Amino acid sequence: MRLALWAALAAWLLVLDDAPARAQEGEEPVAPYVQSDANAGATPIDDPAVLAAFNGRDGINRIVDRTVDLSLEDPQLGPIFQPFDMVRLRRTLKEQFCYLLGGGCTYTGRDMSASHADMGVQTRDFNLLVQHLRTAMREEGVSNRMQNRFLAVLAPMHRDVVQR
Amino acid sequence: MVFGGKLPLTRGVTSIEGSTGGGLSTWALVAGNETEDGVGASAFVTRVPLSDYDFSAYGVAIGFFDRVELSLAHQEFDTGATGAALGLAEGFTFEQDIVGLKLRVLGDAVYAQDSWLPQVAVGVQYKHAEHDWLLAALGAEDDEGFDVYVSATKVVLDQSLILNATVRGTRANQFGLLGHGGDQDDEYHAEIELSAAYMVTDRLIVGAEYRTRPDNLGFAEEERGYDVFAAYALTENLTLVGGYVDLGSIATFDDQDGAYLSLQIGF
Ligand code: HEM
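In this text, all values refer to a predicted model and were calculated from it rather than measured experimentally.

Caption draft 1: Layout of the pattern of salt bridges. Residue and element names in this part refer to chain B. Summed over all chains, the structure comprises 28 salt bridges over all chains. One salt bridge connects aspartate 147 with arginine 168, and the closest N-O pair in it is separated by 2.9 Å. With aspartate 147 in strand 9 (residues 144-156) and arginine 168 in strand 10 (residues 161-170), this residue pair connects regions lying 21 residues apart in the sequence. This pair shows no difference in class: aspartate 147 is buried, exactly as arginine 168 is. Here aspartate 246 makes a salt bridge to arginine 224, at a shortest N to O gap of 3.7 Å. Here aspartate 246 is found in strand 15 (residues 238-246), whereas its partner arginine 224 is found in the loop between strand 13 (204-211) and strand 14 (225-233), with 22 residues between them in sequence. Note on aspartate 246: relative accessible area 10%, which makes it buried. Assessed through its relative accessible area of 25%, arginine 224 is described here as partly exposed.

As structure tokens, this is what we get:
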């Protein structure tokens, strides 16, 4: 019991110490949580050819920004994203994609289940986001094969993002 | 209730028997563009001009919550000039209606990419052919019958592949157009349907299918069928399928092959 209390306190201190340090200018504060790469929801692809196909971290950043832009413009998805902190979302998504594509980043965001809790995301929304991501990857020149290798990593997150 | 929402081509195309599949085989995918939150529908027309015959099919299907599929199809097998050579009238046409019911029982073909477990569906097709007097004269036991099947489908996204295997219990002669059971064999047999397709893009797949079939009638041999095809999702509602199909010997005329052309709409 006492051990658990100490562990919780330690985790809390760690978060207090860590999260604000990584957050960038213009982000709203979030409730404390335990940071871990495991929150990214999958193990990274260990193949330099995939990272190269995404044009490294610069390419990944462009793909995330374009995907978020397209989603905000989307009449169905826009209203779902609008109320939330898009500065933070862009940063954490870039970290997550970079981590999962073997780009050597650390993921500092929340896990997929907590991130999308009570949001009411349905499969149709999930698929719309996949389509926007495909558009962004295609515009970045990522081949269909490489797009699919990345989507294969994201696809199982459907069960955490679409909660019923 | 939510309409639409499936990813392109994940409603498959419609097989010649009206169930969702590839062209020649049935898959475990469910008709329509709906997700688990809604209802969808599809319709198709398919033409297969073979060497000595003209095969065509059309029909509709409804998908409920990406789980249950109800399908109706009509097939016509026009003997054309070959009709006279068979001792029938020129242009004599064999016909049948097919009612299909499919239930997705487990697994997920698309999202569960961290598991090898395929999407599995079980189904039944009731087939009723016309011209019972002629089918009897050709040696068929019945003009109607049931096919039952189990299908397993998996999108292997990592490899850009779509794989399917189906086991079908059937007594159907030439898909049921020549009735069910025959003078040579009247038992149910387990037949196999295999398909593999490569996702060139998320809107274009190319693949091949192979299907074994019973050989029940004494007067004519029935052989395996196979095809190669390309399916292109022009829009989220319109899919074009083109290919080449070989059905082997049909009613004593050997080497029946030709183009496979299909148009599918889905909502
Ligand atoms: C595989 C698919 C998805 C991935 C990988 C993903 C990833 C993420 C990440 C990394 C975050 C930030 C977590 C944090 O702030 O700590 C996030 C938050 C969010 N996601 Fe997703 N997401 C996915 C699908 C979706 C879908 C389909 C929607 C809605 C249509 C959606 C809407 C949101 C929203 C609105 C937030 C902000 C939540 C907040 O700030 O509290 N996500 N997602």
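Caption draft 2: Geometry of the packing of aromatic side chains. Summed over the entire model, instances satisfying the criterion amount to eight aromatic pairs over all chains. Ring geometry for A:Phe126 versus B:Tyr111: centroids 5.7 Å apart, planes at 85°, classification edge-to-face. With A:Phe126 in helix 7 (residues 123-139) and B:Tyr111 in the loop between strand 6 (93-106) and strand 7 (119-129), the pair connects residues from two separate chains. For the pair formed by A:Phe126 and B:Tyr111, the shared burial category is buried. Ring plane angle 35° and centroid distance 4.6 Å describe the contact between B:Tyr53 and B:Phe77, whose orientation is recorded as tilted. Taken together, the positions of B:Tyr53 in the loop between strand 3 (39-49) and strand 4 (54-64) and B:Phe77 in strand 5 (residues 68-78) put the pair 24 residues apart, joining distant regions of the chain. Residues B:Tyr53 and B:Phe77 agree in their burial class; the two are buried. Grouping aromatic residues by their ring pairs yields a cluster made of B:Tyr53, B:Phe55, B:Phe77 and B:Phe253. The residue whose ring lies beneath B:Arg213 is B:Phe175, and the NZ or CZ to ring-centre distance is 4.7 Å.

Scoring rules and cut-offs
Residues numbered from 1 in each chain as written. Chains lettered and ligands numbered in written order. Predicted model: local features only at pLDDT ≥ 70, side-chain atom pairs only at ≥ 80, totals over all residues. Heavy atoms only, no water. Salt bridge = Lys/Arg side-chain N within 4 Å of Asp/Glu carboxyl O. Helix = DSSP H or I, 4+ residues; strand = E, 2+ residues; numbered from the N terminus. Buried < 20%, exposed > 50% of the residue type's maximum accessible area, 1.4 Å probe, protein only. Phe/Tyr/Trp six-rings, centres within 6.5 Å; stacked < 30°, edge-to-face > 60°. Lys NZ or Arg CZ within 6 Å of the ring centre and 35° of its normal.

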